[in-house]
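So the chains spell out like this:
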Amino acid sequence: MIVRGGLVFGADCKFEKCDLEFNNGIITNIAPAGSLAGEIIDASGRYVLPGFVDIHTHGCVNSDFCDANPAGIEKMLSYYGKHGITSIAATTMSLDLEALTCVMVAAASYCGKRGYGAVLHGINMEGPFLNKAKCGAQKPENVIAPDIAAFERLFEISNGNIRLLSLAPELPGAAELIRKACEYCKVSLAHTNADYETAAAAFNAGASHVTHMFNAMPPLTHREPGVIGAAFDYADFAEIICDGVHIHSSVVRAVFEMFGRGRICLVSDSIRATGMPDGEYELGGQTIILKGGRSNLSVGGAIAGSAANLFDCFQNAVKFGIPLEIAVQAAAINPARAVSIDSLVGSLEIGKAADFLILGSNLELIHVYIGGEKYVGH
């Protein structure tokens, strides 16, 4: 099968009119436009992008990975697929260890499996090793001190599928956990009150990532740069939630200028209210209110995740002034690299999964292909 006539987003992060061939779910050739023969998918006048990779998503369509419900997982994977998100990392909340055990078992059973829509490529363990003073929408009662043994048990239960561990580096035992966890997965700083020096020490100990930068952490100021300043100096990757609620559009533009195009990951931080009408929903054992695209805790009013999906965030980034090529890189290539699944997905290269999107001139989603199959959802 050959995709012809489109502007293909290459591994060099540039658009070029060329032919893209795939067989048995894998990209097999990329060649000059019109040079390949075979069954044609006409993409004339359209963009051909790699499928998007959301490494921080809790849920959607009234389901959450923390429900540990197979039917809910399949419903979510279908929703992601229909919206151009072809790979995800199932993201947890701060729950008690018994509940997290169930979440790990349920998510792990879907890792790497195709046929449901998006492919679940691992788990993002956000909590419970967070700072209660910055827990945001995480339930304070479930936040605990860093515990190497607990992490290792959960990693084993997940069948080695934890890709990212988020924690607060200032907590007692955090430095030891960072050094140990780096043997298993990537480590991210999150829900933290750390100052610059503490965050820098965490990066030097092996952390490489920042979870939803700017949110649930001290602000960047000229004398106290905090986690954000340390991330600028040391982090490999930093997430931003580009839903138009969590971060002002001016800050989005500034972040890309500061960090450069290769270090920013667009994430949704989507919750079960995503894809749903206004009303009451649950998140990590707490009630949230969705109203007008904003989700907040019913008690205290803190922002509680996002009601946008990653494709929405990508479109917002472009509307906010981020060049198209940079926005695509931040929605596909960078997140795949951040959690070490870039040998499989994230870019259109020979040998990788034929996960791609066809967009119109206004960046509207026209077709989604997952593993070389046109996806229409369930």
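What counts as what
- Residues numbered from 1 in each chain as written.
- Predicted model: local features only at pLDDT ≥ 70, side-chain atom pairs only at ≥ 80, totals over all residues.
- Heavy atoms only, no water.
- Helix = DSSP H or I, 4+ residues; strand = E, 2+ residues; numbered from the N terminus.
- Buried < 20%, exposed > 50% of the residue type's maximum accessible area, 1.4 Å probe, protein only.
- Contact = heavy atoms within 4.5 Å.
- Phe/Tyr/Trp six-rings, centres within 6.5 Å; stacked < 30°, edge-to-face > 60°.
- Arc of directions from axis to C-beta.
- Polar contact = N/O pair within 3.5 Å; in protein donor to acceptor, adjacent residues only side chain to side chain.
- Pairing = 2+ DSSP bridges.
- Axes fitted to C-alpha atoms, helices over the stretch in contact; angles between N-to-C directions.
- Core = buried A, V, L, I, M, F, W, Y, C linked by side-chain atoms within 4.5 Å.
- Parallel < 35°, antiparallel > 145°, perpendicular 65-115°, else oblique.
- Left-handed = near helix turned anticlockwise from the far one by under 90°.
- Nonpolar A, V, L, I, M, F, W, Y, C, P; charged D, E, K, R; others polar.

## A look at the side chain of lysine 352
Then step 1. If you trace the backbone, lysine 352 turns up in the loop between helix H9 (324-338) and strand E20 (356-359).
Then step 2. When its relative accessible area of 10% is taken as the criterion, lysine 352 is described as buried.
Then step 3. With sequence-adjacent residues up to four places away left out, lysine 352 is seen in contact with Gly25, Ile26, Ile27, Asp342, Ser343, Leu344, Val345 and Ser347.

## Quick word on the packing of aromatic side chains
Then step 1. For the structure shown, the criterion picks out 14 aromatic pairs.
Then step 2. Between phenylalanine 52 and phenylalanine 314 the ring centres are 4.9 Å apart and the planes differ by 65°, which places this aromatic pair in the edge-to-face class. Remark: phenylalanine 314 occurs in helix H8 (residues 310-319) and phenylalanine 52 occurs in strand E7 (residues 52-57); sequence separation between them is 262 residues. Accessibility assignment for this pair places phenylalanine 52 and phenylalanine 314 in one class, buried.
Then step 3. Here phenylalanine 155 and tyrosine 184 contribute two aromatic rings whose centre-to-centre distance is 4.8 Å and whose plane-to-plane angle is 55°, an arrangement assigned as tilted. A residue pair is termed long-range when its members are at least 10 positions apart, and phenylalanine 155 in helix H3 (residues 148-157) and tyrosine 184 in the loop between helix H4 (174-181) and strand E13 (186-189) qualify at 29 residues.
Then step 4. A residue is classified by how much of its surface remains accessible, and phenylalanine 155, at 14% relative accessible area, is buried.
Then step 5. One aromatic cluster is present, formed by Phe9, Phe15 and Tyr47 through successive ring pairs.

## Focus: H3
At 3.6 residues per turn, the α-helix brings residues three or four places apart onto the same side.
Then step 1. Taken as a whole, H3 has its buried residues at Ala150, Phe151, Leu154 and Phe155. All buried residues of H3 fall inside an arc of 135° around its axis, so they share one side.
Then step 2. Packing partners of the buried residues in H3 comprise helix H2 (97-108), strand E11 (119-126), strand E12 (162-167) and H4.
Then step 3. For H3, the side-chain oxygen to backbone nitrogen distance between the N-cap and alanine 149 is 3.1 Å, and the N-cap itself is aspartate 147.
Then step 4. Once H3 finishes, asparagine 159 follows within two positions and takes phi at roughly 60°, a positive value.

## A closer look at the side chain of serine 94
Then step 1. Tracing the chain through its elements places serine 94 in the loop between strand E10 (85-91) and H2.
Then step 2. On the accessibility criterion, serine 94 (1% relative accessible area) is buried.
Then step 3. If sequence neighbours within four positions are ignored, serine 94 has contacts with Glu126, Gly127, Pro128, Leu130, Gln138, Asn142 and Val143.

## A few points about the sheet that holds strand E18 (residues 286-291)
Then step 1. An order of E17-E18-E19 is seen for the 3 strands of this open sheet, with the pairing classed as antiparallel. Edge positions in the sheet fall to strand E17 (279-283) and strand E19 (294-297), since each of these pairs with one other strand and no more. Adjacent strand axes in the sheet meet at a mean angle of 35°, parallel and antiparallel pairs treated alike.

## Quick notes on the nonpolar core
Then step 1. Within the largest apolar cluster, 101 residues are counted, with the highest numbers of intra-cluster contacts made by Tyr80, Phe151, Met213 and Phe314.
Then step 2. Top element by residues in this core is H9. It accounts for 8 residues.
Then step 3. When sequence neighbours within four positions are dropped, the list of residues in contact with methionine 213 reads Ile228, Ala231, Ala238, Glu239, Ile240, Ile247, Val255 and Phe259.

## Structural notes on the pairing of strand E16 (residues 264-267)
Then step 1. Of the two faces of E16, the one lined by Ile264 and Leu266 and the one lined by Cys265 and Val267 are each fully buried.
Then step 2. The pairing of strand E15 (residues 237-241) with E16 spans 4 bridges and is classified as parallel. Paired with glutamate 239 across the strands is cysteine 265, a residue of E16.

## Considering the packing of H2 against H3
For any two helices packed against each other, one specifies the crossing angle of their axes together with the interaxial distance.
Then step 1. As a packed pair, H2 and H3 sit with axes 8 Å apart at the nearest point and diverge in direction by 25°. With respect to their mutual orientation, H2 and H3 come out roughly parallel. Two packed elements cross with a definite hand, and for H2 against H3 that hand is right-handed. When H2 is examined against H3, the residues Leu97, Leu100, Thr101, Met104 and Val105 are found in contact with a partner set consisting of Ala150, Arg153, Leu154 and Ile157.
Then step 2. Residues belonging to the contact of H2 with H3 are distributed by class as follows: 7 nonpolar, 1 polar and 1 charged.

## Section: the environment of leucine 297
Then step 1. Within the fold, leucine 297 resides in strand E19.
Then step 2. Here the alpha-carbon distance between leucine 297 and alanine 137, two residues 160 residues apart in the chain, equals 6.8 Å.
Then step 3. What leucine 297 contacts, discounting residues up to four positions off in sequence, is Gly136, Ala137, Gln286, Thr287, Ile288, Ala302 and Ala304.

## Quick look at unusual backbone geometry
Then step 1. In this chain, glycine 127 is followed by proline 128 through a cis amide linkage whose omega measures 10°.
Then step 2. Assignment of secondary structure puts proline 128 in the loop between E11 and H3.
Then step 3. Even without a glycine there, the phi angle at serine 340 is positive, about 60°.
Then step 4. Structurally, serine 340 can be placed in the loop between H9 and E20.
Then step 5. The phi dihedral of leucine 363 falls on the positive side, at around 65°, and the residue is not glycine.
Then step 6. Mapping leucine 363 onto the fold places it in the loop between E20 and strand E21 (365-370).
Then step 7. A relative accessible area of 11% means that leucine 363 is categorised as buried.

## A closer look at the environment of alanine 190
Then step 1. Along the chain, alanine 190 falls in the loop between E13 and helix H5 (196-205).
Then step 2. Classification of alanine 190 as buried rests on a relative accessible area of 0%.
Then step 3. Taking C-alpha positions, alanine 190 is 8.6 Å from asparagine 215, a pair spaced 25 residues apart along the chain.
Then step 4. If we skip the residues at most four places from it in the chain, alanine 190 touches Leu130, Ser166, Leu167, Ala168 and Thr211.

Distances and angles like these do not, on their own, reveal function.
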